[in-house]
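# Coordinate analysis (summary)
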Amino acid sequence: FFLPRFSSIILQMLEMIGDGSLIQHAAISLLRALAGFFVAALVGTAIGLGMARKRAVHWTFDLAISVGNPAPKIALLPAFILWFGLGHESKILMVALSCVFPVVLSTYVGALGVNRLLIWSAMSMGTTEGAMFKKVVLPHTLPFIFAGLQIALPIALIVVFVTDMVAGGGGLGFLLIYSARFFEIPREFVALFTVLILGFALDRLLLFTRSRVLGWHEG
């Protein structure tokens, strides 16, 4: 009862794939996780680069990052539900808020650590600010950006899974908590295994993208 046979879980998974219910819930969770992840990637990269390159940007965001990073962001979920409703918006923004901090910090450390000799050499040859960013700062920072993304990706899946369980509205977390509530244990494990499979697949996809973008980097 508490730990069903693996064969029964597989049969339940095939049945749910056949009727489309598992695909529907997985698609909802993927939409929320990836949308929030990409928002965090864009915003976090921009803020991290800005903090490293512009003192005014650093002054603007330094206190917010210092206070917000260690805080448990999931505690803001009731407020997000109140402000943005029970639909996709509150969950996507919750994922984005939770993922943006590791991206900001990793990007900031990478951009701040650019060798000064490289910058001075480029400046001595008359390199413009735009070319400096493109040819010197960004290539040095890209490995750090991907490191931040690798940290943020499992956070995105964890947060969307929890928000699905708490706020409902479909998704794999909702499927798990709904199945547990009615003691449909094989369905509960189907939702859990699906999350594990999606997490592994997305992590491999991110590593493949990193290898293609950073083929020149020693790793």
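Criteria and cut-off values
- Residues numbered from 1 in each chain as written.
- Predicted model: local features only at pLDDT ≥ 70, side-chain atom pairs only at ≥ 80, totals over all residues.
- Heavy atoms only, no water.
- Helix = DSSP H or I, 4+ residues; strand = E, 2+ residues; numbered from the N terminus.
- Buried < 20%, exposed > 50% of the residue type's maximum accessible area, 1.4 Å probe, protein only.
- Contact = heavy atoms within 4.5 Å.
- Areas by Shrake-Rupley, 256 points an atom, 1.4 Å probe, with all protein chains shown as cover.
- Axes fitted to C-alpha atoms, helices over the stretch in contact; angles between N-to-C directions.
- Parallel < 35°, antiparallel > 145°, perpendicular 65-115°, else oblique.
- Left-handed = near helix turned anticlockwise from the far one by under 90°.
- Phe/Tyr/Trp six-rings, centres within 6.5 Å; stacked < 30°, edge-to-face > 60°.

## So, the overall build of the chain
On a plain count of helices and strands, the chain comes out with nine helices and zero strands. For the chain, the α and β elements follow one another from N to C terminus as α-α-α-α-α-α-α-α-α. C-alpha extents for the chain along the principal axes are approximately 70 × 40 × 25 Å. Counting all 219 residues of the chain, 41% fall into the buried class. Sequence-distant contacts in the chain: of pairs separated by 6 or more residues, those separated by 24 or more amount to 75%. Looking at the chain as shown, the accessible area adds up to about 12200 Å², and 72% of this sits on carbon and sulfur atoms.

## Here's the deal with the environment of Ile185
Within the secondary structure, Ile185 sits in helix H9 (residues 185-213). Given a relative accessible area of 9%, Ile185 falls into the buried group. Residues Ile185 and Met51, 134 residues apart in the sequence, show an inter-C-alpha distance of 49 Å.

## Topic: the packing of helix H3 (residues 55-68) against helix H5 (residues 88-112)
H5 packs onto H3 with a crossing angle of 130° between their chain directions and a minimal axis gap of 11 Å. Taken together, the axis directions place H3 and H5 in an arrangement best described as oblique. Read as a crossing pair, H3 and H5 show a hand that is left-handed. Facing His58, Ala64, Ile65 and Gly68 of H3, the residues of H5 in contact are Phe101, Val104, Leu105 and Tyr108.

## Some thoughts on the environment of Val103
Relative to the assigned elements, Val103 resides in helix H5. Separated by 58 residues in the primary sequence, Val103 and Thr45 place their C-alpha atoms 6.3 Å from one another. Among residues more than four places away in sequence, those in contact with Val103 are Ala40, Ala41, Gly44, Thr45, Gly148, Leu149 and Ala152.

## Some thoughts on the packing of aromatic side chains
Scanning all chains against the criterion turns up eight aromatic pairs. A centroid spacing of 5.8 Å and a plane angle of 65° characterise the contact between Phe37 and Phe38, whose relative ring orientation is edge-to-face. On the basis of an interplanar angle of 90° and a centroid distance of 6.3 Å, the ring pair of Trp83 and Phe84 is categorised as edge-to-face. Note on Trp83: relative accessible area 57%, which makes it exposed. By way of ring pairs, the aromatic residues Phe6, Phe189 and Phe193 are connected into one cluster.

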